[in-house]
Amino acid sequence: MEEYIAKVLISREELGKRVAELGAEITRDYEGKNLLVLGILKGAVPFMSDLIREIKLPLAYDFMALSSYGASTQSSGVVRILKDLERSVDDVHILIIEDIVDTGLTLKYLKANLKARNPLSVKVVTLLDKAARRQADVTPDYNGFSIPDEFVVGYGLDFNEEYRNLPYVGVLKQEAYEII
Ligand SMILES: O=P(O)(O)OC[C@H]1O[C@H](OP(=O)(O)OP(=O)(O)O)[C@H](O)[C@@H]1O
Ligand SMILES: Nc1nc2[nH]cnc2c(=O)[nH]1
């Protein structure tokens, strides 16, 4: 698997340190609030798993699955809900967990959809922000790392469903695109 990694962009150590910082910040901000952490499948799973253990507060978590890209690396701009929340949210502060905000189209749709359900608030934490590619006017409330316009994999991020289990964030070699 790792033979196709051109370089490590964010190491395991850097991820751990930043996730702990984000957890501490979120802990301060949500003290005394009814918090629902909302993971967006599938990419957010490793980040969410680490982050929730750095949030030292009572919380509930749930998941949504959205489709934006299919197997391609290009945004279609079309967002569909493949799996929805299991409960109403009018008594909770929602914290969306994303692995990456790229064009922002997914997040723009999701925030509008959730706000229509009248939660107490909706905020977003993303591990990665690729702001150079933004098409929609959305800014994450918490951001792990701002990254350049390169296609990244690992720590939840996939190429064709592979590489999600890498413990770091890396950039793929060109050859990886040529073998599928
Ligand atoms: O800002 P955007 O351009 O809309 O892109 C960001 C979205 O794309 C990725 O999901 P993807 O659809 O690849 O699903 P996955 O998490 O299951 O890999 C990522 O997890 C975000 O949800
Ligand atoms: N795996 C992966 N998915 C993305 N979705 C939007 N940008 C990216 C990216 O750089 N890598």
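Keep in mind that what you see is a predicted model, and the values were worked out from it rather than measured. (Residues numbered from 1 in each chain as written. Chains lettered and ligands numbered in written order. Predicted model: local features only at pLDDT ≥ 70, side-chain atom pairs only at ≥ 80, totals over all residues.)

**Regarding the overall build of the chain**
Each helix and strand in the chain was counted, giving 4 helices and 9 strands. Going from the N terminus to the C terminus, the chain shows its helices and strands as β-α-β-α-β-β-β-α-β-β-β-β-α. Taking 2.2 N^0.38 as the reference for a compact globule, 180 residues should give roughly 16 Å; the C-alpha atoms of the chain span a radius of gyration of 16 Å, in line with that estimate. For the C-alpha atoms alone, the extent of the chain along its principal axes is close to 50 × 35 × 25 Å. A burial count over the chain gives 31% of its 180 residues as buried. (Helix = DSSP H or I, 4+ residues; strand = E, 2+ residues; numbered from the N terminus. Rg over C-alpha atoms; globule rule 2.2 N^0.38 Å. Buried ≥ 20, exposed ≤ 12 C-beta atoms within 10 Å, placed from the backbone.)

**Points about the confidence of the model for the chain**
Low pLDDT marks regions whose predicted coordinates should not be analysed in detail. The share of residues in the chain with pLDDT of 70 or more is 94%, and the mean pLDDT across the chain is 93. In the predicted complex, the global pTM is 0.94; the interface-specific ipTM is 0.97. (pLDDT = per-residue confidence, 0-100.)

**Details of the site of ligand 2**
Around ligand 2 sit Ile 100, Asp 102, Lys 130, Phe 151, Val 152, Val 153, Leu 157, Asp 158 and Phe 159, and those are all the residues in its vicinity. Taken together, the residues that form the shell around ligand 2 break down as 6 nonpolar, no polar and 3 charged. (Near = placed C-beta within 6 Å. Nonpolar A, V, L, I, M, F, W, Y, C, P; charged D, E, K, R; others polar.)

**What to know about the environment of Leu 114**
Within the secondary structure, Leu 114 sits in helix 3 (residues 105-115). Judged by the 18 C-beta atoms lying within 10 Å of it, Leu 114 is partly exposed. Distance in space between the C-alpha atoms of Leu 114 and Val 89 is 8.5 Å, their sequence separation being 25 residues. Sequence-distant contacts of Leu 114, that is, excluding residues within four places in its chain, are made with Ile 94, Pro 119 and Val 122. (Contact = placed C-beta atoms within 7 Å.)

**Details of the sheet that holds strand 9 (residues 169-172)**
Read across the sheet, 3 strands follow the order 1-9-8 without closing on themselves; strand pairing throughout is antiparallel. One side of each edge strand has no neighbouring strand; the edge strands of this open sheet are strand 1 (5-10) and strand 8 (152-153). (Pairing = 2+ DSSP bridges.)

**Overview of unusual backbone geometry**
The residue after Leu 41, namely Lys 42, is reached through a cis peptide bond having omega -5°. Mapped onto the elements of the fold, Lys 42 is located in the loop between strand 2 (35-41) and helix 2 (45-52). Located in the positive-phi region is Asn 118, a residue other than glycine, with phi close to 60°. In this fold, Asn 118 is placed in the loop between helix 3 and strand 6 (121-129). Look at Asn 160: it is not a glycine, yet its phi comes out positive at around 55°. The residue Asn 160 is located in the loop between strand 8 and strand 9 in this model.

**Topic: the site of ligand 1**
Taken together, the neighbourhood of ligand 1 is formed by 18 residues, with Lys 42, Gly 43, Asp 102, Thr 103 and Thr 106 sitting nearest. When residues of the shell around ligand 1 are traced back to their parent elements, those giving at least two are strand 2, strand 5 (93-101) and helix 3. Top element by residues in the shell around ligand 1 is strand 5. It accounts for 4 residues. Of the residues belonging to the shell around ligand 1, the class tally is 7 nonpolar, 6 polar and 5 charged.

**Digging into the sheet that holds strand 6**
Across the sheet, 6 strands lie side by side as 4-3-2-5-6-7; this open sheet has mixed pairing. With one partner strand each, in any of the chains shown, strand 4 (80-83) and strand 7 (142-146) form the two edges of the open sheet. On average, adjacent strands in this sheet sit at an angle of 30° to one another, irrespective of strand direction. In this sheet, strand 6 lies alongside strand 5 in parallel orientation, the contact comprising 8 bridges. (Axes fitted to C-alpha atoms, helices over the stretch in contact; angles between N-to-C directions.)

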